[in-house]
Amino acid sequence: MSRMSWGILGRTLLGRLGGMLAVLSLVSVLVFLLTRLAAGDPMAMLLGDQASLADIALARERYGLDQPLLAQFVLWLGEVLKGNLGQSIFLQTPVTQVLLDRAEPTAWLAIFSVSLAMLIGVPCGIASAVWRGRWIDQCVSTLAMLGASMPSFWMGLLVIQLLAVGAGWFPVSGYGEPGAGWLTRLHHLLLPSLVLGTLNSALIIRFTRASMLDILGEDYIRTARSKGLTESTVVLKHALRNALVPILTVLGLTLALMIGGAVVTETVFNLPGLGNLVVRAVLRRDYPVIQGALLVIAGIYVIINFTIDVLYVFVDPRVRHG
Amino acid sequence: MAEWRLLLKTLFARRVVLIALVLLALMLLMAAISQWVLPHDPMAMKVSQRLRAPNWNHWSGTDELGRDITSRIFYGARYSLAIGAGTALLAAFFGTLLGLLAGFFKHLDAPLMRCVDAMMAFPDILLGIALVSILGASPTNVVLALTIVYTPRVARVVRASTLVIRELPYVEAARAVGVSTPRLLSVHILPNLMSPILVQLSFIFAYALLAEAGLSFLGVGVGAEIPTWGTMVAASTQYADRAFWTLFFPGMAIVLTALSLQILGDGVRDLLDPRLKGMQ
């Protein structure tokens, strides 16, 4: 690579980094404002019914709540950057600890579901593009739309009734006893992953199809065909390689959907993950936990998308060379 | 007249679009007239009739309090559809406004779009439950919360289209003859944005319908006493093993309506902009 394109590369990356930092700071402002707008004095809630007004005033002072909003924000952000997300009102443990305790089931759920969604989505999308307008395309498109129209909690409840209660092949809910072996946990994760993965494959199908259709219309594909290569070589070797690049972007989007979907799915299956934690925190009005979880989940999303953006720069020479 | 006929003929060239439209129209009609024509009172409890399987008298069976599920689905349609439609209209309005401003005025673009990016970093259900928990559970607040969730999506689409339209020669020509900026935006640019906005309207209607059901299911939606499709499914979970129909039929109402809306949105997109065929 010439010095010129290294310069462009560096500037592109710096621009992306600046954009990401701007979005991250806006996310933190939003999270801060969201919970400050919430009705009710968090101190009154923290201290309970017996607290006198003087106690509350004292606590407000101790937590810096008597200061102007901007000062409070700076104080809060400083603590966040040190890794301190505050104390859970309900559980009386640091929010960071609570989040870490709940991260494992959600991480596995996300990994299994994304893999399943890719395994379903990419082949279906390719088939749909190659046989465009034929019955297979119609079927796949209809199924994809059906997937996008199905509430995840409803599908979850249906498969629980059919496969767990009815057939008895899977546990109905939970994550096994504390300290259960990985096989038990895997068994508990299969149904939720099935639901989340199947439903989220819809987006990947659509993206793969559109991306493949774009590539299949390119000149170099015609050249490959006229060289006498077999159709499967053309599609799977020449077209798919380039079609996969835009599919990278949709991975980030899918991951965000997974985390959102996990909120509902984990509640349906009673998996002790982050989504379940947030729902409980909302029902208990445990604002430090809501705040921490929102910040971490949105932060992960922004960082994943930034990483994919950067990968894009390296994978696609057109972006690199401006 | 002839133009309209051609338009409708193209729209209904795919039979499913016609079916989707008929289904939606039926659902809307039933929701509108449900007060007068329902076979049973949706709120009437009859303990002797609790958890009855579907039969000639109760087509979708009865729930845990002996209420007729078919009647409740149509009665609940008003809430579910009103929340979906309200969210879609409000999000389309504010999203169009933001998108137009960001797409047309270069100095507004980066700040507005970074805000949109930040909003979209929150998964929609998650932002929804956080907002409803702050605002309080009620149908109006669910609409408000979901509007905040979906406005950035519309803004992003409208901005992208505005960026393209702004560079077209006719816009330059209009500017050259001295058309004022507000008039340029409202009379010359906005009409060309109608197709993406219409498509977004129908998709967000569907998403909002699903999100409302999700919120109600999680217990942070409209409140359990209001019969929406979401609260009906939520209430069925305790009885689903004995009375599968209490779970099945309200869910089917959600799926069919959301599916019809998305098929319609797809049809409108193909009709108004054939180049986008099959794209998200």
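Residues numbered from 1 in each chain as written. Chains lettered and ligands numbered in written order. Predicted model: local features only at pLDDT ≥ 70, side-chain atom pairs only at ≥ 80, totals over all residues.

Caption draft 1: Representation of the overall build of chain B in the model. Assigned secondary structure in chain B consists of 11 helices and 0 strands. Along chain B, helices and strands appear, N-terminal first, in the series α-α-α-α-α-α-α-α-α-α-α. The dimensions of chain B, computed from C-alpha atoms along their principal axes, are 75 × 50 × 30 Å. Every one of the 280 residues in chain B was classed for burial, and the buried ones make up 46%. Taking as baseline every contact in chain B between residues at least 6 positions apart, the subset at least 24 positions apart corresponds to 70%. (Helix = DSSP H or I, 4+ residues; strand = E, 2+ residues; numbered from the N terminus. Buried ≥ 20, exposed ≤ 12 C-beta atoms within 10 Å, placed from the backbone. Contact = placed C-beta atoms within 7 Å.)

Caption draft 2: A look at the interface of chain A and chain B. Taken together, the contact between chain A and chain B spans 44 residues of the former and 38 residues of the latter. When residues of the side of chain A that touches chain B are traced back to their parent elements, those giving at least two are helix H1 (3–37), helix H6 (135–149), helix H7 (152–166), helix H8 (182–216), helix H10 (231–269), helix H11 (274–284) and helix H12 (287–315) of chain A. Here the element with the most residues in the side of chain A that touches chain B is H1(A); it accounts for 8 residues. Considered class by class, the residues forming the side of chain A that touches chain B number 36 nonpolar, 5 polar and 3 charged. (Nonpolar A, V, L, I, M, F, W, Y, C, P; charged D, E, K, R; others polar.)

Caption draft 3: Representation of the packing of helix H5 (residues 124–135) of chain B against helix H6 (residues 139–166) of chain B within the structure. Residue and element names in this part refer to chain B. For the pair H5 and H6, the least separation of the axes is 9 Å and the interaxial angle reads 140 degrees. With respect to H6, the element H5 is oriented oblique. Like other packed secondary-structure pairs, H5 and H6 cross with a definite hand, here right-handed. Listed contacts from H6 to Asp-124, Leu-127, Gly-128, Leu-131, Val-132 and Leu-135 of H5 are Asn-141, Val-142, Leu-144, Ala-145, Leu-146, Ile-148 and Val-149. By residue class, the composition of the contact of H5 with H6 is 10 nonpolar, 2 polar and 1 charged. (Axes fitted to C-alpha atoms, helices over the stretch in contact; angles between N-to-C directions. Parallel < 35°, antiparallel > 145°, perpendicular 65-115°, else oblique. Left-handed = near helix turned anticlockwise from the far one by under 90°.)

Caption draft 4: Spatial organisation of the confidence of the model for chain B. Residues and elements named next belong to chain B. Residue-level pLDDT values for chain B average 84, and 92% of them are 70 or greater. Across chain B, the element-wise mean pLDDT spans from 74 in helix H1 (residues 2–11) up to 92 in H6. Considering only residues more than four positions removed or in separate chains, one finds that residues 276–280, a stretch of pLDDT under 50, has 9 contacts. Interface confidence for the predicted complex, expressed as ipTM, amounts to 0.84; the pTM equals 0.86. (pLDDT = per-residue confidence, 0-100.)

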